[in-house]
Amino acid sequence: MTCAIAIAVAPLGSCASRPESGYLSAVSQPATGANEHTLLVATTRERDSRPGTLFNGERSGTLDYATITVSVPPKHADGQVEWPSSPPGNPKTDFVVRQAAYIDSEKAFVRTLNSRLSAQPRGKRKVLVFIHGYNTMFAEGLYRFTQIIQDSGSPAVPVLFTWASQGRLTGYVYDTNSATVARDDLEHTLRLIAASDADEINIVAHSMGNWVTVEAIRQIKISGDTTGANKVGVVVLAAPDIDIDVFKSEMRRIGRPRKPFFVVISKDDQALRISRFIAGDKGRLGADSDVQELAAMGAIVVDLTTLKGPDSLSHGKFAQLASVGPQLEHVLQEGIEADRGATPKSQTAVSGTLASFITLPIRVINAPRRIILRQ
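Residues numbered from 1 in each chain as written. Predicted model: local features only at pLDDT ≥ 70, side-chain atom pairs only at ≥ 80, totals over all residues. Heavy atoms only, no water.

A. Summary view of the pairing of strand S9 (residues 299-303). S9 sits mainly inside the fold: five of its five residues count as buried. Across the two faces of S9 the burial is the same, with Ala 299, Val 301 and Asp 303 and Ile 300 and Val 302 all buried. Note that strand S8 (residues 261-265) and S9 share five bridges and pair parallel. Pairing of Val 263 across the sheet is with Val 301, part of S9. (Buried < 20%, exposed > 50% of the residue type's maximum accessible area, 1.4 Å probe, protein only. Helix = DSSP H or I, 4+ residues; strand = E, 2+ residues; numbered from the N terminus. Pairing = 2+ DSSP bridges.)

B. Structural detail: the confidence of the model for the protein. When the pLDDT values of the protein are averaged, the result is 80; 76% of them are 70 or greater. Per-residue pLDDT stays below 50 along residues 1-16; that stretch engages in 34 contacts with residues further than four places along the chain or on separate chains. (pLDDT = per-residue confidence, 0-100. Contact = heavy atoms within 4.5 Å.)

C. Representation of helix H7 (residues 244-254) within the structure. Along H7, the residues classified as buried are Ile 244, Phe 247, Glu 250, Met 251 and Ile 254. Down the axis of H7, the sector holding all buried residues measures 115°, keeping them to one side. Exposed and oriented more than 90 degrees from the buried face of H7 are Arg 252 and Arg 253. Looking at the packing, one finds that the buried side of H7 touches helix H6 (209-223), strand S7 (232-238), S8 and helix H9 (291-296). N-capping of H7 is provided by Asp 243, with a side-chain oxygen placed 2.8 Å from the backbone N of Asp 245. Phi turns positive, to about 85°, at Gly 255, one or two residues after H7. (Arc of directions from axis to C-beta. Polar contact = N/O pair within 3.5 Å; in protein donor to acceptor, adjacent residues only side chain to side chain.)

So this is what it looks like as structure tokens:
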């Protein structure tokens, strides 16, 4: 496959050098004006003894945990990851790790989580969980999530759930199986968070990570033990690499969610077209969705087709939403109602830049619900 495909599926790396090892060595000297974010990690990846690596793409068979502090450079650009040209990087210009440590038990993981949550007042203790997609090395998922936290300005405690992707273009089948294996562990992680002192759990999944996410939610539903399910807030399914028929089957089991899922689609997503080809020409949720059907299942569709993506295959557009994430949610939830007696539109097309979209007083209240973002 081409270099362009590699960048589209894993936009953090380059074709010349991807961060297989060495890029997560701690940098002791901070940079003036840099921002630091401490992320908790729950993973099905195997620990890696190579310096500056932490975890690789092999399956560990058990959940493992870590805490990692990442520094974002002073001149960071929204939607981008300033990747080091060589490890471990320069905190003045690059994303770098400042501290990293394994957490040796789930009890210690929950204690660490509760300690972080205690910094927020009761009622506002939020957790944001991110689940990455196919062909993603550990460092790539870690830095992408850090970019989302940085750009969104989210005060939530970030928890990265990272499953054992090989980080190889040729590893699609391996990654699919790894994602399937990780369903139970994501379910367990979500239950641990729900049992913590968190008041709200928000979830963002990308690409193949959506398969792990929706399956875990389905398993929680059919188990009959939905303790803590009322803590689930926003669920964002970005560029979901899920067979449309499979998603319909999953949602029939899950039922209409208490809060609508946000499904972020782009009909020009070339990576999902490749996935469709691999899957025997079966449509993928993130590129071939029927808005009416998704609305009936309890989803709000955010259509990014007309936006220019950061990668050549338009698979990483979701990263640009982070900088307007809180405002987007506010617009959807707090915007003015349609006039009484007016016939609701089946679609709401929002023109202009993302910045102008933030200020528009709209609210989509009837199915099918669709927000179209344009540049």
